[in-house]
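Structure at a glance
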Amino acid sequence: MPKLHALTAKETVEKIRSKEATAEECVLSVFERIHRLEDRIHAFVTLIEEEALEKAREIDKKVSEGKPLGRLAGVAIAVKDSICTKGIRTTCSSRMLENFVPPYDADVIERVKEEDGIIIGKTNMDEFAMGSSTETSYFAPTHNPWDLSRVPGGSSGGSAAAVATDEAILAFGADTGGSVRCPASYCSVVGIKPTYGLVRRHGVIAFANSLEQIGPMARNVYDCALFLSVIAGHDPKDTTSVKASAKDYTEFLKNSVEGFKIGVPKEFFGEGTSEAVEKQVLRGVHKLEELGASCEETSLPSLEYALATYYIVAMSEASSNLARYDGIRYGYRIDRDNGDWSTVYSKNRRIGFGAEVRRRIILGTYALSAGYYDKYYLKALKIRTLIRRDFEKAFKKFGVLIGPTMPIPPFKIGEKIQDPLALYMCDVDTVSANLAGLPAMSVPCGFTNGLPVGMQIIAPPLREDLMLQVAYTFEQNTTHKNRKPSLK
Amino acid sequence: MKRRHLSKKEVEHTAWLAHIELSEKEKKLFTEQFNDILDYFKKIDKVDTENVQPTYHVLDLMNVYREDEAAPSLPKEEALKNAPKKEKDFLKAPRIV
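Residues numbered from 1 in each chain as written. Chains lettered and ligands numbered in written order. Predicted model: local features only at pLDDT ≥ 70, side-chain atom pairs only at ≥ 80, totals over all residues.

Another aspect to go through is the overall build of chain B. When helices and strands are counted, chain B shows three helices and two strands. Start at the N end of chain B and walk to the C end: the helices and strands fall as α-α-α-β-β. Projecting the C-alpha coordinates of chain B onto the three principal axes gives extents of approximately 60 × 45 × 25 Å. Relative to its full complement of 97 residues, chain B shows a buried share of 16%. (Helix = DSSP H or I, 4+ residues; strand = E, 2+ residues; numbered from the N terminus. Buried ≥ 20, exposed ≤ 12 C-beta atoms within 10 Å, placed from the backbone.)

Summing up its helical and strand segments, chain A has 15 helices and eleven strands in all. Relative to the globule expectation of 23 Å for 488 residues, the C-alpha radius of gyration of chain A, 21 Å, shows essentially globular dimensions. Relative to its full complement of 488 residues, chain A shows a buried share of 62%. Partitioning the intrachain contacts of chain A with sequence separation of at least 6 by distance along the chain shows that 77% fall at a separation of at least 24. (Rg over C-alpha atoms; globule rule 2.2 N^0.38 Å. Contact = placed C-beta atoms within 7 Å.)

Before going further, it helps to spend a moment on the pairing of strand β5 (residues 190-193) of chain A. All names here are of chain A. In β5, alternate side chains face the same way, and those of Val190 and Ile192 on one face and Gly191 and Lys193 on the other are all buried. In the sheet, β5 pairs with strand β6 (residues 213-218) via two bridges, with the strands oriented antiparallel. When the sheet's bridge partners are listed, glycine 191 is paired in β6 with methionine 217. By the bridge criterion, three bridges tie β5 to strand β10 (residues 440-448) in an arrangement that is antiparallel. Of the residues in β10, the one forming a bridge with lysine 193 is alanine 440. (Pairing = 2+ DSSP bridges.)

Another point: the interface of chain A and chain B. Residue-level contacts link 54 residues of chain A with 42 residues of chain B. Mapped onto the side of chain A that touches chain B, the elements with two or more residues apiece are α9 (306-321), α10 (341-352), α11 (355-368), α12 (373-397) and α13 (420-424) of chain A. Among the elements that make up the side of chain A that touches chain B, the one with the highest residue count is α12(A) (eleven residues).

Residue and element names in this part refer to chain A. Within strand β4 (residues 170-175), six of the six residues are buried, leaving the element largely enclosed by the surrounding structure. The alternating pattern of β4 places Leu170, Phe172 and Ala174 on one face and Ala171, Gly173 and Asp175 on the opposite face, and all of these are buried. Sheet topology note: the strand β2 (residues 76-80)/β4 ladder contains three bridges and is parallel. The residue bridging isoleucine 77 from the neighbouring strand is leucine 170, located in β4. The sheet contact formed by β4 and β6 spans six bridges and is antiparallel.

Another aspect to go through is the sheet that holds strand β3 (residues 118-123) of chain A. All names here are of chain A. Strand order in the open sheet made by the eleven strands is β1-β3-β2-β4-β6-β5-β10-β11-β9-β7-β8, with mixed pairing throughout. Of all strands in the sheet, those bounded by a partner on one side alone are β1 (44-47) and β8 (294-298). Going across the sheet, the axis of each strand differs from the next one's by a mean of 30 degrees, ignoring polarity. In the sheet, strand β7 (residues 261-265) pairs with β8 via five bridges, with the strands oriented parallel. Bridging across to β8, valine 264 finds its partner in glutamate 297. Across the face of the sheet, helix α3 (residues 49-64) comes into contact with β1 and β3 while running at roughly 160 degrees to β3. Each of β9 (400-404), β10 and β11 (451-458) is contacted by helix α15 (residues 464-476), which is oriented at about 20 degrees to β10, the strand it contacts most. (Axes fitted to C-alpha atoms, helices over the stretch in contact; angles between N-to-C directions.)

Each α-helix winds once per 3.6 residues, and so residues spaced three or four apart point in a common direction. Listed in full, the buried residues belonging to helix α1 (residues 9-17) of chain A are A:Ala9, A:Thr12, A:Val13, A:Lys15 and A:Ile16. Buried residues of α1(A) fall within an arc of 165 degrees about the axis and therefore sit on the same side. (Arc of directions from axis to C-beta.)

Formed by 174 residues in total, the largest nonpolar core has its most connected members in A:Ile77, A:Ile120, A:Ala168, A:Leu170, A:Val400 and A:Ile457. A total of ten residues in this core trace back to one element, the largest contributor, which is α9(A). (Core = buried A, V, L, I, M, F, W, Y, C linked by C-beta atoms within 7 Å.)

What follows is about unusual backbone geometry. Residue A:Ser155 is reached from A:Gly154 by a cis peptide bond, and omega for that bond is 10 degrees. Here the phi dihedral of A:Asn449 falls at roughly 50 degrees; this positive angle occurs in a residue that is not glycine.

For the rest of this paragraph, the subject is the packing of α9(A) against α11(A). All names here are of chain A. Between α9 and α11, the shortest axis-to-axis distance is 7 Å and the interhelical angle comes to 100 degrees. Overall, the two elements α9 and α11 adopt an arrangement that is roughly perpendicular. Contact with α9, carried on its side by Ile312, Met315, Ser316, Ala318 and Ser319, involves Arg360, Ile361, Leu363, Gly364, Thr365, Ala367 and Leu368 of α11 and no other residues of that element. Tallied by class, the residues present in the contact of α9 with α11 amount to seven nonpolar, four polar and one charged. (Parallel < 35°, antiparallel > 145°, perpendicular 65-115°, else oblique. Nonpolar A, V, L, I, M, F, W, Y, C, P; charged D, E, K, R; others polar.)

Residues and elements named next belong to chain A. It is the contact of helix α2 (residues 23-41) with α3, at a shortest axis distance of 7 Å, that shows an interaxial angle of 155 degrees. Put simply, α2 runs roughly antiparallel to α3. Packed against α2, whose contacting residues are Ala23, Glu24, Val27, Leu28 and Phe31, the element α3 presents Glu49, Ala52, Leu53, Ala56, Arg57, Ile59 and Asp60 at the interface.

Residue and element names in this part refer to chain A. Helix length check: α2 (19 residues) gives 25 Å between terminal C-alpha atoms against 27 Å at 1.5 Å per residue, within 8%. If you follow the buried residues of α2, they end up packed against α1, β1, α3, β2, β3 and α5 (157-164). Just past α2, the residue histidine 42 takes up positive phi, approximately 55 degrees. (Expected span 1.5 Å × (residues − 1).)

Turning our attention to the environment of A:Glu392. Residue and element names in this part refer to chain A. Topologically, glutamate 392 is positioned in helix α12. Since 12 C-beta atoms lie within 10 Å of it, glutamate 392 is described here as exposed. A C-alpha to C-alpha distance of 23 Å links glutamate 392 and serine 245, two positions 147 residues apart in sequence.

This is the structure in structure tokens:
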């Protein structure tokens, strides 16, 4: 029998329902794993072992009393530290929020608790989700489980690393420009960025409101679909929530791509894409062809401008969003604050924010300032319209689009951090789905020199069903998900 | 040769607008880095966006309202719990005028 921490969410729930294992045993097994690996991986910022075990015992009590169990009963879930958890410190991996304890749960956390899921801790991330490597965290980087000297991707790097190492069964990520898909790709797990508005955003600490979505991360497609079914749905507290009816996404997991039309945009294989990544992703595309899909190269010319467009929009929104961090209601406040308001505010933000956050706020402020608004922000929003149109056109012909999630394999910790633009370039294939609000996911599609490569699947708005079916079929007919990082 | 898009003085001014203090060393470093980034952003200049409407938001939602019903709000002590400085039932702010 596999160790309990190595079970999928589906298997965990089945074992607890059939009384083959207790929820307490399942959660204990995950914490044993955490204690064994965490000094090498550093996936978590905060762990809540006692609370998690207490919750597990409550579930076991329900089992013994014959009460009905939720869809995630006894499943150990890690939460990205940008998602508010009542009574549990939520830092966004920033000094600014080092001591912030939210007075409420994000809506998605309430949903998971209703389904008897067990929150085990908060995961490390790039500060305020600004980064693709988890290196901008105030609490030091997370390490890639496949090679500890490399980055796990970001910004949800702690979540991906936790799932890949069995330090969690499921994990919450959030994706503004690739922050779920990038670390999913780099750690060889499955990660979904849902359609904009499908998952409730209430309680996620905002960085760029018009782009971000909370997304599920898991070791396989089924678990991701199950997790998505729990967190998707309308929320009256979120004005950007789509009024879509609740679905069970596991129902769409059919092992067939017969007759599927798949487009492969050549812009996803542009300058800067490593040959090894291209080879693995194209092998994946051929695999889908073998399985009955028709695949065809296509072109979305506006994608060439997606990265610049994304960064202008994201930085502009960040500069406005993060204005709230004044150190008065919450957040970092300097001790000697007898200066005037403006000086104290500026000092709080100098010390409370790391370099990348300050860079983005200042550059965003610049892009929105008088004289530059039209040149940068407005221009970017117009190109955003062109990008949406190119996708709409492509989806008239194709069911889904496929390309690499990341242009290069995981890089070394420290390799790019001194050069912000080089780090931004890593997001070149992921940002367009955020600009257009489309569902997109990363599935493991192979390895190069022992490092994982992820394949990205993008679907039309609210067609998570198509994306999941392709991902599931691919997964069922390949062996990548069986490979585990060698950590003792 | 790369074009200079903004000077150190402009970086200082923008940082002031954003209420972020910078050290002298950072002002220099950020000026370099911002020029590199803006040089990359230049590629959008050549895109023809005449008669194209901007996309602020991908959803077709507009003016989402709810019923104006009173509901309990955060209790005072909860609302004050995360404040770094407070006095009695108030948040303590620095001198404004």
